[in-house]
Amino acid sequence: MSGLYDEIASFYDPWSRSVTEDVGFYVDEAVASGGPVVELAVGTGRIAVPIARAGIDVIGIDSSPAMLAVARKAAEQAGVAERIDLRLGDLREPPVAERVPLAICPFRSLLHMETEDEKLRALRAARSLLEVGGRFVFDVFSPSREDIEETDGRWLEREPGIFERADWDEGSRTLTLSVRSDDSVTSFGLHWLSVPEWLRLLDQAALDVEAVYGWFDRRPYDGEEDMIFVTCARKRGTRERGFRARKRPLKRGRLAAAVWPHAQRGGDAR
Amino acid sequence: MCVSYPEAFATHYERWAADMTDDIPFYVALAQEADGPVVELAVGTGRVAIPVARAIDRKVIGIDSSPAMLDQARQAGGDLLDLRLADMRTLELDEPAALVYCPYRALLHLPAWADRRLLFERVSEALLPGGRFAWNAFAFDHQIAARLDGERQAEPIPHTLRYSVGESRVDIALDSGDTSSLWWATKNEWLGLIEVAGLEVEALYGWFDRRPFDDDSREFVWVTRTPTP
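### A few points about the overall build of chain B
Part 1 of the reasoning: Regarding its fold elements, chain B presents eight helices and eleven strands.
Part 2 of the reasoning: Taking 17 Å as the expected radius of gyration for a compact globule of 229 residues, we find that chain B reaches 17 Å, a close match to that expectation.
Part 3 of the reasoning: Considering chain B as a whole, with its 229 residues, one finds that 51% of them fall into the buried category.
Part 4 of the reasoning: Partitioning the contacts of chain B with sequence separation of at least 6, the portion at a separation of at least 24 is 62%.

### Some remarks on the overall build of chain A
Part 1 of the reasoning: When helices and strands are counted, chain A shows nine helices and eleven strands.
Part 2 of the reasoning: The buried share among the 270 residues of chain A stands at 39%.
Part 3 of the reasoning: In chain A, once contacts between residues fewer than 6 apart in sequence are set aside, the share between residues at least 24 apart is 64%.

### Considering the packing of helix H6 (residues 112–126) of chain B against helix H8 (residues 187–196) of chain B
Residues and elements named next belong to chain B.
Part 1 of the reasoning: Orientation of H6 relative to H8, taken along the N-to-C sense of each, is 40 degrees, at an axis distance of 9 Å. With respect to their mutual orientation, H6 and H8 come out oblique. You can see that H6 and H8 cross each other, and the crossing is right-handed. Taken together, the residues of H8 that come into contact with H6 (itself represented by Trp113, Arg116, Arg117 and Phe120) are Glu189, Leu193 and Val196.
Part 2 of the reasoning: Among the residues forming the contact of H6 with H8, the class breakdown is four nonpolar, no polar and three charged.

### Some remarks on the confidence of the model for chain B
Part 1 of the reasoning: The share of residues in chain B with pLDDT of 70 or more is 91%, and the mean pLDDT across the chain is 89.
Part 2 of the reasoning: Confidence estimates for the predicted assembly give a pTM of 0.82 and an ipTM of 0.78.

### As for the sheet that holds strand E5 (residues 127–138) of chain B
Residue and element names in this part refer to chain B.
Part 1 of the reasoning: Strands sit in the order E3-E2-E1-E4-E5-E11-E10 across an open sheet of seven strands; the sheet is mixed. At either end of the open sheet lies a strand with only one pairing partner, and these are strand E3 (81–85) and strand E10 (200–205). Strand after strand, the sheet turns through a mean of 15 degrees between neighbouring axes, direction not considered.
Part 2 of the reasoning: With five bridges connecting them, strand E2 (residues 60–64) and E3 associate as parallel partners. Counted as the bridge partner of Gly62 is Leu83 from E3.
Part 3 of the reasoning: Packed onto the sheet, helix H4 (residues 49–56) meets strand E1 (38–41), E2 and E3 and runs at close to 165 degrees relative to E2.

### Regarding the packing of helix H7 (residues 195–204) of chain A against H6 of chain B
Part 1 of the reasoning: Where H7 of chain A contacts H6 of chain B, the two axes come as close as 8 Å, and the packing angle between them is 55 degrees. What the angle tells us is that H7 of chain A and H6 of chain B run oblique. Touching Pro196, Leu199, Arg200 and Asp203 of chain A of H7 of chain A are Ala112, Trp113, Ala114 and Arg117 of chain B, all from H6 of chain B.
Part 2 of the reasoning: Considered class by class, the residues forming the contact of H7 of chain A with H6 of chain B number five nonpolar, no polar and three charged.

### Brief notes about the confidence of the model for chain A
Part 1 of the reasoning: Looking at chain A, the pLDDT average stands at 85 and 86% of residues meet or exceed 70.
Part 2 of the reasoning: Across residues 240–270 of chain A, where pLDDT falls below 50, the model places 76 contacts with residues more than four positions away in sequence or in other chains.

### Focus: unusual backbone geometry
Part 1 of the reasoning: Look at the link from Gly35 of chain A to Pro36 of chain A: it is a cis peptide, with omega at -5 degrees.
Part 2 of the reasoning: In this structure, Pro36 of chain A sits in the loop between helix H2 (21–33) and strand E1 (37–40).
Part 3 of the reasoning: One non-glycine residue, Tyr104 of chain B, lies in the positive phi region at around 60 degrees.
Part 4 of the reasoning: Tracing the backbone shows Tyr104 of chain B in the loop between strand E4 (97–102) and H6.
Part 5 of the reasoning: Classification of Tyr104 of chain B by C-beta neighbours within 10 Å gives buried; the count is 24.
Part 6 of the reasoning: A positive phi is found at Arg105 of chain B, a non-glycine position, where the angle reads about 60 degrees.
Part 7 of the reasoning: Within the secondary structure, Arg105 of chain B sits in the loop between E4 and H6.

### Focus on the sheet that holds strand E6 (residues 152–153) of chain B
Residues and elements named next belong to chain B.
Part 1 of the reasoning: Sheet architecture is open: four strands sit in the order E6-E7-E8-E9, paired in antiparallel fashion. Each end of this open sheet is capped by a strand with a single partner; those strands are E6 and strand E9 (179–183).
Part 2 of the reasoning: Both strand E8 (residues 169–174) and E9 contribute to a ladder of five bridges, which runs antiparallel. Bridge pairing in E9 links Ile172 to Ser180.

### Observations concerning the nonpolar core
Part 1 of the reasoning: Counting residues in hydrophobic clusters, the biggest one holds 138 residues, and the most contacted among them are Ala103 of chain A together with Val38 and Val100 of chain B.
Part 2 of the reasoning: Ranked by residues supplied to this core, first place goes to H6 of chain B with seven residues.

### Focus on H8 of chain B
Part 1 of the reasoning: Here H8 of chain B has its buried residues at Glu189, Trp190, Gly192 and Leu193 of chain B. Looking straight down H8 of chain B, one finds that the buried residues subtend no more than 155 degrees of arc, so they occupy a single side.
Part 2 of the reasoning: The inward-facing, buried residues of H8 of chain B abut H7 of chain A together with H6 and strand E11 (219–225) of chain B.
Part 3 of the reasoning: Phi turns positive, to about 75 degrees, at Gly198 of chain B, one or two residues after H8 of chain B.

### Overview of the environment of His109 of chain B
Part 1 of the reasoning: Note on placement: His109 of chain B falls in the loop between E4 and H6.
Part 2 of the reasoning: Here His109 of chain B falls in the buried class, since 24 other C-beta atoms lie within 10 Å of it.

### Structural notes on the pairing of strand E8 (residues 174–181) of chain A
All names here are of chain A.
Part 1 of the reasoning: Of the strand pairs in this sheet, strand E7 (residues 162–169) and E8 are connected by eight bridges, and their pairing is antiparallel. Each residue of the ladder has a partner; that of Asp167, found in E8, is Thr176.
Part 2 of the reasoning: Between E7 and E8, which pair antiparallel in sequence order, lie four residues; one of them, Arg173, sits at a positive phi of approximately 50 degrees.
Part 3 of the reasoning: Across eight bridges, the pairing between E8 and strand E9 (residues 184–191) is antiparallel. Residue pairing across strands places Ser178 opposite Ser187, the latter belonging to E9.

### Concerning helix H5 (residues 67–77) of chain B
Residue and element names in this part refer to chain B.
Part 1 of the reasoning: Looking at H5, one finds that the buried residues are Met69, Leu70, Gln72, Ala73 and Gly77. One face of H5 carries all of its buried residues, which in axial projection span an arc of 155 degrees. Facing away from the buried side of H5, by more than 90 degrees, are the exposed residues Pro67 and Gln75.

How each quantity is defined
- Residues numbered from 1 in each chain as written.
- Chains lettered and ligands numbered in written order.
- Predicted model: local features only at pLDDT ≥ 70, side-chain atom pairs only at ≥ 80, totals over all residues.
- Helix = DSSP H or I, 4+ residues; strand = E, 2+ residues; numbered from the N terminus.
- Rg over C-alpha atoms; globule rule 2.2 N^0.38 Å.
- Buried ≥ 20, exposed ≤ 12 C-beta atoms within 10 Å, placed from the backbone.
- Contact = placed C-beta atoms within 7 Å.
- Axes fitted to C-alpha atoms, helices over the stretch in contact; angles between N-to-C directions.
- Parallel < 35°, antiparallel > 145°, perpendicular 65-115°, else oblique.
- Left-handed = near helix turned anticlockwise from the far one by under 90°.
- Nonpolar A, V, L, I, M, F, W, Y, C, P; charged D, E, K, R; others polar.
- pLDDT = per-residue confidence, 0-100.
- Pairing = 2+ DSSP bridges.
- Core = buried A, V, L, I, M, F, W, Y, C linked by C-beta atoms within 7 Å.
- Arc of directions from axis to C-beta.

Put into structure tokens, the structure is as follows:
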């Protein structure tokens, strides 16, 4: 992964130029926490620099030296180098001894984790960085059918001279994203999950979900592609606290067997 | 969230279930190995519980949250069953069970992880040491979902399916306007539930004939148990 980002570091910022709506959201979270903030997969500092400019200290972790070099330069140019502590490392084993009130992992970076076990390791690592009552906030996506149909296998000019192509594999739930600039092409995989699967991983990582938003304006999640999780470190020894099954009546159709073809019996039933 | 009218589904249940029969001998065999009380979750009309009770020659405890379903079960085999109107998430037994089972993918009516975790923990607490919890559920496949999504189907009663993949949910809308939802789970989610409830996997089959579960399997058939000291 570090190799990949080393390759795209030079044009990462132009490529992601149109992504701005998350910045204000994460800055608000950082200011509300009082800091310091650990940003996992800090990249080029696209979010860390505005947080630092808001007066909050940031510890930024990334596995790509080239991305960190870009971030360092950005921090210097913004005059906030003393507020941003950049460290080379893996987000599953972040080189952070400090305990902080807020950890963030913006821009779908957790989806670089290929398996659920790796995602769980990353969540547990984030949890371990938090002081009592601290929060871990991150965003991910799960594509809609329309999204897949509109973009699958097509080179689209995302920014002038920078093309992006999405190849979706719904079976393995992997998006292979390719970025082309001049004559270099770089590809990487993003491995998505559904909301219920994230809720399960968060529960197992002892992170209680405070909110699931559908966008950075904090609208509630309602089945859209983007999901933003605001979670809080569960107090040790209070596993059940904050974990309450919804006490509304169950839906009781008995149609489970009808929903799915009995493929094992009649071959492909439909 | 759509409003559900479960009683409307109860009257049609036998027609939906008419082609599901392979599960009965599987659950009967588990019950015959059970040395203690046997409990069926979401007992419904007693389709599985009645043959099970006959085979083991004792009453099966049947739990369901639908009075209309329980009425049907009572008429079909009331003397063979100990029927209880309850939400399975609040399962409590006077006496620990040797077998709790949930056929017909009924666990998928629990909306996602939180409800399921509660249920698994309750079941685990209600079992004897070495007692079993068995259930089956479909294994999601995106190609099947893509084919069925939005398509109206006439049989067994006219209905349309809508898949919300990001939420692992499928909504079943009858032409009459009644709706119901299911939330599917992956193998990893089932393993997570088994782990948090302190259960052990005894077997994962791909169908009721006990073939091993593999990449082509479209059904999870799980047999788990509580640890023995």
